[in-house]
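# Structural features, examined
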Amino acid sequence: NQQQQQQQQQQQPMMMMMMTPTTINSLQDHDVKRNSNYNSTTITPTTRHPGMLQVVHPLGGESFRAGSSLKVEWTYSGNVGTYVSIKLFRASMSQEGFEEENLEATIATFVNVQRCEFEVTLPINLRPSDCYRLEMASHDNPIVCGYSRYFSVTSAFFT
(Lines give C-alpha, C1' and ligand atoms only; values in the text may rest on other atoms or scores of the structure.)
Protein backbone atom coordinates (compact mmCIF):
# COMPACT_ATOMS: atom_id res chain seq x y z
CA ASN A 1 0.00 0.00 0.00
CA GLN A 2 2.81 2.41 0.91
CA GLN A 3 4.69 1.43 -2.25
CA GLN A 4 1.57 2.19 -4.36
CA GLN A 5 1.26 5.65 -2.76
CA GLN A 6 4.90 6.40 -3.51
CA GLN A 7 4.42 5.35 -7.14
CA GLN A 8 1.31 7.57 -7.44
CA GLN A 9 3.16 10.54 -5.96
CA GLN A 10 6.03 10.03 -8.39
CA GLN A 11 3.56 10.03 -11.29
CA GLN A 12 1.86 13.26 -10.16
CA PRO A 13 3.20 16.38 -11.84
CA MET A 14 5.10 18.45 -9.34
CA MET A 15 4.53 22.17 -9.48
CA MET A 16 7.55 24.33 -8.78
CA MET A 17 7.26 28.00 -7.89
CA MET A 18 10.27 30.20 -8.59
CA MET A 19 10.96 32.17 -5.41
CA THR A 20 12.53 35.43 -6.48
CA PRO A 21 13.08 38.22 -3.90
CA THR A 22 9.98 39.95 -5.27
CA THR A 23 7.93 36.78 -4.85
CA ILE A 24 9.19 36.22 -1.32
CA ASN A 25 8.42 39.82 -0.32
CA SER A 26 4.94 39.60 -1.79
CA LEU A 27 4.29 36.35 0.09
CA GLN A 28 5.62 37.39 3.49
CA ASP A 29 2.12 38.02 4.87
CA HIS A 30 0.67 34.87 3.30
CA ASP A 31 0.71 31.17 3.91
CA VAL A 32 1.58 28.95 0.96
CA LYS A 33 -0.15 25.56 1.05
CA ARG A 34 -0.17 22.71 -1.44
CA ASN A 35 -3.01 20.24 -1.65
CA SER A 36 -2.39 16.52 -1.24
CA ASN A 37 -2.18 16.00 -5.01
CA TYR A 38 0.70 18.52 -5.35
CA ASN A 39 -1.00 20.05 -8.38
CA SER A 40 -2.20 23.34 -6.97
CA THR A 41 -0.99 26.01 -4.61
CA THR A 42 -3.16 28.08 -2.30
CA ILE A 43 -1.95 31.42 -0.96
CA THR A 44 -3.90 32.74 2.02
CA PRO A 45 -3.38 35.76 4.28
CA THR A 46 -1.94 35.00 7.69
CA THR A 47 -0.49 36.91 10.61
CA ARG A 48 2.09 34.22 11.38
CA HIS A 49 4.60 35.84 9.05
CA PRO A 50 5.66 39.13 10.65
CA GLY A 51 6.78 42.23 8.86
CA MET A 52 10.21 43.74 8.50
CA LEU A 53 11.96 46.74 10.08
CA GLN A 54 15.14 48.16 8.59
CA VAL A 55 17.15 50.94 10.26
CA VAL A 56 18.59 53.11 7.46
CA HIS A 57 20.17 55.84 9.62
CA PRO A 58 22.60 55.92 11.27
CA LEU A 59 24.41 54.39 8.32
CA GLY A 60 27.30 53.00 10.33
CA GLY A 61 30.80 54.37 10.80
CA GLU A 62 29.62 57.77 12.03
CA SER A 63 30.78 59.30 15.29
CA PHE A 64 28.40 60.94 17.78
CA ARG A 65 29.17 62.71 21.05
CA ALA A 66 27.47 61.29 24.16
CA GLY A 67 24.59 63.60 25.08
CA SER A 68 24.08 64.72 21.48
CA SER A 69 21.01 64.09 19.38
CA LEU A 70 20.77 62.03 16.23
CA LYS A 71 18.04 61.26 13.75
CA VAL A 72 17.01 57.61 13.50
CA GLU A 73 15.35 56.67 10.20
CA TRP A 74 13.78 53.39 9.17
CA THR A 75 11.62 51.60 6.64
CA TYR A 76 9.07 48.90 7.33
CA SER A 77 6.78 46.49 5.55
CA GLY A 78 4.26 43.84 6.44
CA ASN A 79 2.76 43.15 9.84
CA VAL A 80 4.97 45.32 12.08
CA GLY A 81 2.32 46.66 14.42
CA THR A 82 1.72 50.26 15.47
CA TYR A 83 4.60 51.10 17.82
CA VAL A 84 8.32 50.45 18.06
CA SER A 85 10.95 50.97 20.73
CA ILE A 86 14.52 52.13 20.13
CA LYS A 87 17.33 50.70 22.26
CA LEU A 88 21.07 51.34 22.29
CA PHE A 89 23.48 48.39 22.49
CA ARG A 90 27.26 48.27 22.87
CA ALA A 91 29.26 45.26 21.70
CA SER A 92 32.16 43.96 23.73
CA MET A 93 34.25 40.81 24.00
CA SER A 94 33.47 38.40 26.84
CA GLN A 95 36.14 36.62 28.85
CA GLU A 96 35.46 33.53 26.73
CA GLY A 97 36.28 35.52 23.58
CA PHE A 98 32.70 35.82 22.32
CA GLU A 99 31.11 39.08 21.25
CA GLU A 100 28.39 40.22 23.63
CA GLU A 101 25.87 42.97 23.13
CA ASN A 102 25.02 44.91 26.26
CA LEU A 103 21.90 47.02 26.54
CA GLU A 104 23.14 50.51 27.36
CA ALA A 105 19.83 52.39 27.27
CA THR A 106 16.25 52.33 26.12
CA ILE A 107 16.20 55.50 24.03
CA ALA A 108 12.50 55.68 23.13
CA THR A 109 9.31 53.65 23.53
CA PHE A 110 5.94 53.70 21.82
CA VAL A 111 7.18 55.51 18.71
CA ASN A 112 4.62 55.30 15.91
CA VAL A 113 6.18 53.10 13.22
CA GLN A 114 4.60 55.18 10.43
CA ARG A 115 6.76 58.19 11.32
CA CYS A 116 9.83 56.53 9.75
CA GLU A 117 12.11 58.94 11.61
CA PHE A 118 12.64 60.02 15.18
CA GLU A 119 15.13 62.37 16.87
CA VAL A 120 16.81 60.74 19.89
CA THR A 121 19.29 62.00 22.48
CA LEU A 122 22.16 59.73 23.43
CA PRO A 123 22.74 59.38 27.18
CA ILE A 124 25.51 61.70 28.42
CA ASN A 125 27.22 58.99 30.48
CA LEU A 126 28.06 56.58 27.62
CA ARG A 127 31.55 55.10 27.51
CA PRO A 128 33.52 55.96 24.37
CA SER A 129 33.43 53.03 21.93
CA ASP A 130 33.15 52.35 18.22
CA CYS A 131 30.81 49.38 18.79
CA TYR A 132 27.39 50.96 19.39
CA ARG A 133 24.28 50.20 17.41
CA LEU A 134 20.55 50.79 17.67
CA GLU A 135 17.86 48.16 17.84
CA MET A 136 14.35 48.98 16.73
CA ALA A 137 11.73 46.45 17.87
CA SER A 138 7.98 46.16 17.40
CA HIS A 139 5.82 46.31 20.53
CA ASP A 140 3.10 44.19 18.88
CA ASN A 141 5.37 41.59 17.24
CA PRO A 142 8.47 41.16 19.45
CA ILE A 143 10.25 39.00 16.89
CA VAL A 144 10.19 41.89 14.40
CA CYS A 145 13.30 44.01 14.89
CA GLY A 146 15.97 45.78 12.89
CA TYR A 147 19.48 47.00 13.71
CA SER A 148 21.61 49.90 12.63
CA ARG A 149 25.19 49.33 11.62
CA TYR A 150 27.85 50.04 14.24
CA PHE A 151 28.79 53.64 14.98
CA SER A 152 31.08 55.40 17.45
CA VAL A 153 30.26 57.40 20.54
CA THR A 154 32.84 59.81 21.95
CA SER A 155 32.98 61.33 25.41
CA ALA A 156 30.56 64.13 26.21
CA PHE A 157 33.38 65.93 27.97
CA PHE A 158 36.38 67.49 26.29
CA THR A 159 39.61 65.84 27.38
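Cut-offs and rules
- Residues numbered from 1 in each chain as written.
- Predicted model: local features only at pLDDT ≥ 70, side-chain atom pairs only at ≥ 80, totals over all residues.
- Heavy atoms only, no water.
- Core = buried A, V, L, I, M, F, W, Y, C linked by side-chain atoms within 4.5 Å.
- Buried < 20%, exposed > 50% of the residue type's maximum accessible area, 1.4 Å probe, protein only.
- Helix = DSSP H or I, 4+ residues; strand = E, 2+ residues; numbered from the N terminus.
- Contact = heavy atoms within 4.5 Å.
- Pairing = 2+ DSSP bridges.
- Phe/Tyr/Trp six-rings, centres within 6.5 Å; stacked < 30°, edge-to-face > 60°.
- Lys NZ or Arg CZ within 6 Å of the ring centre and 35° of its normal.
- Lys, Arg positive; Asp, Glu negative; His and termini not counted.
- Salt bridge = Lys/Arg side-chain N within 4 Å of Asp/Glu carboxyl O.
- Polar contact = N/O pair within 3.5 Å; in protein donor to acceptor, adjacent residues only side chain to side chain.
- pLDDT = per-residue confidence, 0-100.
- Axes fitted to C-alpha atoms, helices over the stretch in contact; angles between N-to-C directions.

What follows is about the nonpolar core. If you look at the biggest cluster of nonpolar residues, it comprises 26 residues, and the most contacted ones within it are Leu-53, Val-72, Ile-86, Leu-88 and Met-136. Going through the elements one at a time, strand S3 (52-57), strand S5 (69-77), strand S6 (83-93), strand S7 (99-112), strand S9 (129-138) and strand S11 (151-154) are the ones with two or more residues in this core. The leading source of residues in this core is S7, at 4 residues. In this view, Val-72 contacts Val-55, His-57, Ile-86, Cys-116, Glu-117, Phe-118, Val-120, Leu-134 and Met-136; residues no more than four positions away in its chain are not counted.

Time to look at the pairing of S11. Bridge count between strand S4 (residues 63-65) and S11: 3 bridges; the pairing is parallel. By the bridge assignment, Phe-64 is partnered in S11 with Val-153. Bridge count for S9 against S11 is 2 bridges, and the pairing is antiparallel. Within S11, the residue paired with Tyr-132 across the bridge is Phe-151.

Right, let's get into the packing of aromatic side chains. The final tally for this structure, using the stated rule, is 2 aromatic pairs. Between Phe-64 and Phe-151, the aromatic rings sit 5.4 Å apart at their centres with planes inclined by 85 degrees, giving edge-to-face as the arrangement. Placement of the pair is Phe-64 in strand S4 and Phe-151 in strand S11, with a sequence separation of 87 residues. Assessed through its relative accessible area of 14%, Phe-64 is described here as buried. On the basis of an interplanar angle of 70 degrees and a centroid distance of 5.8 Å, the ring pair of Tyr-83 and Phe-110 is categorised as edge-to-face. You can see Tyr-83 sitting in strand S6 and its partner Phe-110 sitting in strand S7, a full 27 residues away along the chain. Take Phe-110: its relative accessible area is 55%, and that puts it in the exposed class. Here the basic side chain of Arg-133 rests over the ring of Tyr-147, its NZ or CZ set 4.2 Å away from the ring centre.

Following the sequence through the fold, Glu-62 ends up in the loop between S3 and S4. Although Glu-62 is buried, it makes no salt bridge; Arg-149 carries the closest opposite charge, 8.9 Å away. A distance of 2.7 Å separates a polar side-chain atom of Glu-62 from the backbone nitrogen of Leu-59.

Averaged over all residues, the pLDDT of the chain equals 76, while 65% of them reach at least 70. This model gives residues 9-47 a pLDDT under 50, and the stretch forms 51 contacts once residues within four places in sequence are excluded.

Let us look at unusual backbone geometry. Here His-57 and Pro-58 are connected by a cis peptide whose omega angle stands at 15 degrees. The topology assignment puts Pro-58 in the loop between S3 and S4. Despite not being glycine, Phe-110 shows a phi value in the positive range, around 50 degrees. Its identity is not glycine, yet Cys-116 carries a phi of approximately 65 degrees, on the positive side. Topologically, Cys-116 is positioned in the loop between S7 and strand S8 (117-121).

Here 3 strands make up an open sheet; going across it, the order is S3-S5-S8 and the pairing antiparallel. The strands lining the two open edges of the sheet, one partner per strand, are S3 and S8. Shown here is a sheet whose adjacent strand axes are inclined to one another by a mean of 35 degrees, direction ignored. Here 5 bridges tie S5 to S8, and the two strands are oriented antiparallel to one another. Pairing of Lys-71 across the sheet is with Glu-119, part of S8.

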